[in-house]
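Each chain, letter by letter, is given below.
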Amino acid sequence: QVQLVESGGGLVQPGGSLRLSCAASGFTFSSYAMSWYRQAPGKERELVAGITSVGSYTNYADSVKGRFTISRDNAKNTVYLQMNSLKPEDTAVYYCNARRGLLGFWGQGTQVTVSS
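Small disclaimer: the values here were computed from a predicted structure and weren't measured. (Residues numbered from 1 in each chain as written. Predicted model: local features only at pLDDT ≥ 70, side-chain atom pairs only at ≥ 80, totals over all residues. Heavy atoms only, no water.)

A. Seen up close, the nonpolar core. Residues Leu-4, Met-34, Trp-36, Val-79, Leu-81, Met-83 and Tyr-94 are the most contacted members of the largest nonpolar core, which totals 30 residues. Elements represented by at least two residues in this core include exactly strand E3 (18-25), strand E4 (33-39), strand E5 (46-51), strand E7 (68-73), strand E8 (78-83), strand E9 (92-100) and strand E11 (110-114). (Core = buried A, V, L, I, M, F, W, Y, C linked by side-chain atoms within 4.5 Å. Buried < 20%, exposed > 50% of the residue type's maximum accessible area, 1.4 Å probe, protein only. Helix = DSSP H or I, 4+ residues; strand = E, 2+ residues; numbered from the N terminus.)

Now the structure itself:
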């Protein structure tokens, strides 16, 4: 059974940091590209960051470049999103995505709220 379980979300003040984790099971994690998406209330889901299957290439949305870092540990079947210098506009539900060709899986999401 394929599972992607996100954790690490919560409430943080502007300028603070959070580290999201996504633990994968039920598929060959090291063969899949992994991404983080987010969806704010009333907005479409958007790509935040992505990383290739072996971690050799990463990409980021312009809005998070220089503040967020995606990484993965294939030995632990886990992908991470380190979020620094958080802003209120980063408030959203963050989703983990696994993709290989046309095949993809989603996690259930974790809420991140940036507010004073």
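B. How the structure looks around the pairing of strand E10 (residues 103-106). Two strands pair when backbone bridges link them, and E9 and E10 are joined in this way by four bridges, in the antiparallel orientation. By the bridge assignment for E10, Asn-97 is matched with Trp-106. (Pairing = 2+ DSSP bridges.)

C. How the structure looks around the pattern of salt bridges. Tallied over the full model, the rule gives four salt bridges. Note that Asp-90 and Arg-38 form a salt bridge whose closest N and O atoms lie 2.9 Å from each other. Linking Asp-90 in the loop between E8 and E9 with Arg-38 in strand E4, this pair joins segments that are 52 residues apart in sequence. In this pair, the class of Asp-90 matches that of Arg-38, namely buried. The network of salt bridges with shared partners includes Arg-38, Glu-46, Arg-67 and Asp-90. (Salt bridge = Lys/Arg side-chain N within 4 Å of Asp/Glu carboxyl O.)

D. Representation of the side chain of Thr-78 within the structure. Turning to its location among the elements, Thr-78 is positioned in strand E8. Given a relative accessible area of 9%, Thr-78 falls into the buried group. Looking at Thr-78, its side chain comes within polar contact range of the main-chain oxygen of Lys-76, at 2.8 Å. Among all residues touching Thr-78, those that are not within four sequence positions of it are Ser-21, Cys-22, Ala-23, Phe-29, Arg-72 and Asp-73. (Polar contact = N/O pair within 3.5 Å; in protein donor to acceptor, adjacent residues only side chain to side chain. Contact = heavy atoms within 4.5 Å.)

E. Region of the structure containing unusual backbone geometry. Even without being a glycine, Asn-77 presents a positive backbone phi close to 55°. Relative to the elements of secondary structure, Asn-77 occurs in the loop between E7 and E8. Of note in the backbone geometry, Ser-85 takes a positive phi value of approximately 50° without being a glycine. Looking at where Ser-85 falls in the secondary structure, it is placed in the loop between E8 and E9. For Ser-85, a relative accessible area of 40% puts it in the partly exposed group.

F. Fine view of the environment of Pro-88. Note that Pro-88 resides in the loop between E8 and E9. Taking the C-alpha atoms as reference, Pro-88 lies 7.4 Å from Thr-113; in sequence the two are 25 residues apart. When near neighbours in sequence (up to four residues on either side) are disregarded, Pro-88 contacts Pro-14 and Val-114.

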